[in-house]
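Examination of the molecular architecture
So you can see what is in the structure, the chains are spelled out below.
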Amino acid sequence: MTWVNAVIQGLLLGGQYALIACGLSLTFGVMRIVNLAHGDLAVCGAYLGLVLSSAFGVPVWVTLPLLLPAAFAAGVALQALLFGRALRHGVLAPVLVTFGLSVMIENLLQEAATSDPRGLNGGALALDSFRIGSQITVSWLFMTAFLTACAVLSGLQLLLSRTSWGRKVRATADDLDTARLVGIRVRPLFATVAGLAVATAALAGVFIGTIGSFDPFQGANSLIFAFEAVVIGGLGSLWGTLAGGMALGVTQVVVGQVNQAYAVLAVHLLFLAVLAVRPGGLFTGHQAPGQQLGALG
Amino acid sequence: MTALLEITGLDVCYGDFQALFGVWMSVPAGGTTALVGANGAGKTTLLRTIAGAQAAARGTVAYRGENVTAAPPHQRISRGIALVPEGRKLFGSLTVEENIQVGAAAAASDTWPLDRIYGVFPMIARRRGQRASTLSGGEQQAVAIARALAAAPTLLLLDEISLGLAPLIVESLYETLAELRQASTTLVIVEQDLRRAMATCDDLVCLLEGRVALAGPVRDLTRDQVVAAYFGEAPSFGEPA
């Protein structure tokens, strides 16, 4: 029964990884930007949640209607002011720009909030749990994080496959030049994608901050897990990202069951093994990475 | 007939390389203009510049009397200019229907709804739910034209639509183009087959190494004149008087 428990906890943990990874997957799939500041943007979301929930004296969930639009707006602004400009100068410029952004965010957060670890007020939800049988206890907070991840990824998936906006996004991911040629206005499209990516990162940050503690340098760690989930699942594929996150989570918890010291190492080894054996990702067909976002439709 | 599209003194460069030199062209409304020339003469560059995908270094592109030289592609499409690009350039992971719907992103009007397009291309109506990358060459070309039609163009630019297709398929595509002319769509066609170009079109423009080598109504030109211009054996034409 301990193994069943480990797998369940691993799947739930994987949902959190997928939640932070889906924005990374989206920005890479559509704009070909590997956003190295993605983890730091998630941590910014956690800090913003901390500021808002302490200011109003409410659990962090209550502040989401304010926090998520703010994060969306921040993503739009970043795309308009930074990423969009960087994209015009080849593939390396966005990597350097997002790396610089990451360093800036970490240091600004440390200046403003010191490097003390913080936690978010998750209200009653953070303390409750339910039992399956006699030996498995599932935290409501973990369950909520997992269900939120599933809802966000399915929502994004529906947006991409069913709406006219999603059609344009997939067309642009397929072929940017032709997308412009047929009259798609790429700039506002990229801005909304960046907005969604940062909003999902901030939401993930809120869960990270509620489940554990966070500090200004937490972002780099989150980025590695998110990045691994994206690569294992297949670049640009959202369902793959969810599956990739779960593969990471299950590996981490199951190996941790044997020896906690090797849990994180095992996750990174899984990543390396997938890169070596199936560089296109575990859950994709034989398409080029650029086609996979479109392939979801 | 008044000119729908008027191009004057057009220079286009790719970095240090200049592809077009003082190109001029006048496309009358409702007519069909053939754009011919050897490989590398600048035909594709000229069509892409008209569509707004390529920036002009000098010169003007005027459409319905308005200067659109600096307008981005989506603005030109909403004014009625659509391009069927060389090599079809479909969105391979989207379905046939989604490709056509994307073509309507900046449509000039709603005069070309899906059912009308399927009426013109019954062969792709049957494949509407299929991924564009799984179609045959002829079907892909039909989808590429359908995608441009979804933008409800007044001026339709077609770049090498017969490339790599079986003669029978090419024949049926040209029949479709004749239907579009009936619907008073102005066409500019890049065509390698001189005989076909001269048989189908009202006017002809021949490019040679980025310059206009010959231009005029097809009825005033002989095949020998066009061949000479094509291979650079005729004196270059200057600006029209």
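It should be noted that the structure appears before, not after, this text.
This report concerns the structure included in the present document. Residue indices begin from 1 for each chain and proceed along its sequence in written order. Each chain is given a letter, starting from A, and each ligand a number, starting from 1, according to the order in which they appear as written. Given that this is a predicted model, residues contribute local features only at a pLDDT of at least 70 and side-chain atom pairs are listed and counted only at 80 or more, while totals for whole chains, interfaces and linings are drawn from all residues.

1. What to know about the overall build of chain A
- Counting from the N terminus, the helices are DSSP H or I runs at least four residues long and the strands are E runs at least two residues long. For chain A, the helix and strand inventory stands at twelve helices and two strands.
- Its helices and strands in sequence order give chain A the pattern α-α-α-α-β-β-α-α-α-α-α-α-α-α, from N to C terminus.
- Since a compact globule built from 297 residues should have a radius of gyration of about 19 Å, the 19 Å found for chain A is in line with a globular shape.
- Considering only C-alpha atoms, chain A reaches an extent of 60 × 45 × 35 Å along its principal axes.
- When burial is assessed residue by residue, chain A has 51% of its 297 residues classed as buried.
- A residue pair is marked as a contact if its C-beta atoms, positioned from the backbone, fall within 7 Å. A sequence separation of at least 24 residues applies to 76% of the contacts in chain A between residues at least 6 apart. Taken over C-alpha atoms, the radius of gyration is set against a globule rule of 2.2 Å times the number of residues to the power 0.38. Three exposure classes are used, based on other C-beta atoms lying within 10 Å of a residue's own C-beta, which is placed from the backbone: buried for 20 or more, exposed for 12 or fewer, and partly exposed in between.

2. Considerations on unusual backbone geometry
- Non-glycine residue Thr114 of chain A carries a positive phi angle of around 55°.
- Checked against the element boundaries, Thr114 of chain A lands in the loop between helix H4 (92-113) and strand S1 (129-132).
- What makes Thr114 of chain A exposed here is the crowd of 11 C-beta atoms within 10 Å.
- The residue Lys89 of chain B is not glycine, and still its phi comes out positive at about 50°.

3. Quick look at the interface of chain B and chain A
- With 20 residues of chain B in contact, the opposing surface of chain A contributes 17 residues.
- At the level of elements, helix H2 (73-79) and helix H3 (96-103) of chain B are the ones that each hand at least two residues to the side of chain B that touches chain A.
- The element that contributes the greatest number of residues to the side of chain B that touches chain A is H3 of chain B, accounting for four residues.
- Polar here means any residue other than Ala, Val, Leu, Ile, Met, Phe, Trp, Tyr, Cys and Pro, which are nonpolar, and Asp, Glu, Lys and Arg, which are charged; Gly is therefore polar. Looking at the side of chain B that touches chain A, its residues break down into twelve nonpolar, five polar and three charged.

4. Quick notes on the environment of Leu235 of chain A
Residue and element names in this part refer to chain A.
- With respect to the helices, strands and loops of the structure, Leu235 is situated in the loop between helix H9 (218-233) and helix H10 (238-258).
- Classification of Leu235 by C-beta neighbours within 10 Å gives buried; the count is 23.
- As a C-alpha pair, Leu235 and Gly280 span 45 residues in sequence and 7.1 Å in three-dimensional space.

5. With respect to the sheet that holds strand S1 (residues 3-14) of chain B
All names here are of chain B.
- Any two strands with at least two DSSP bridges between them are considered paired. Spatial ordering of the open sheet is given by S2-S1-S4-S5, a layout of four strands whose pairing is antiparallel. Edge positions in the sheet fall to strand S2 (17-28) and strand S5 (66-67), since each of these pairs with one other strand and no more.
- When strand S4 (residues 58-63) meets S5, the two strands line up antiparallel, connected through two bridges. The residue bridging Tyr63 from the neighbouring strand is Glu66, located in S5.

6. With respect to helix H11 (residues 263-277) of chain A
Residue and element names in this part refer to chain A.
- In this analysis, the expected span of each helix is defined as 1.5 Å times one less than the number of residues it contains. Taking 1.5 Å as the rise per residue, H11 with 15 residues should run 21 Å; its terminal C-alpha atoms sit 21 Å apart, in good agreement.
- Among the residues making up H11, those that are buried are Val267, Leu270, Phe271 and Val274. All buried residues of H11 lie within an arc of 95° about the axis, which places them on one face of the element. The exposed residues of H11 that point more than 90 degrees off its buried face are Leu265, Leu272, Ala273, Ala276 and Val277.
- Looking at the packing, one finds that the buried side of H11 touches H9 and H10. The arc in question is traced by the directions running from the helix axis to the C-beta atoms.

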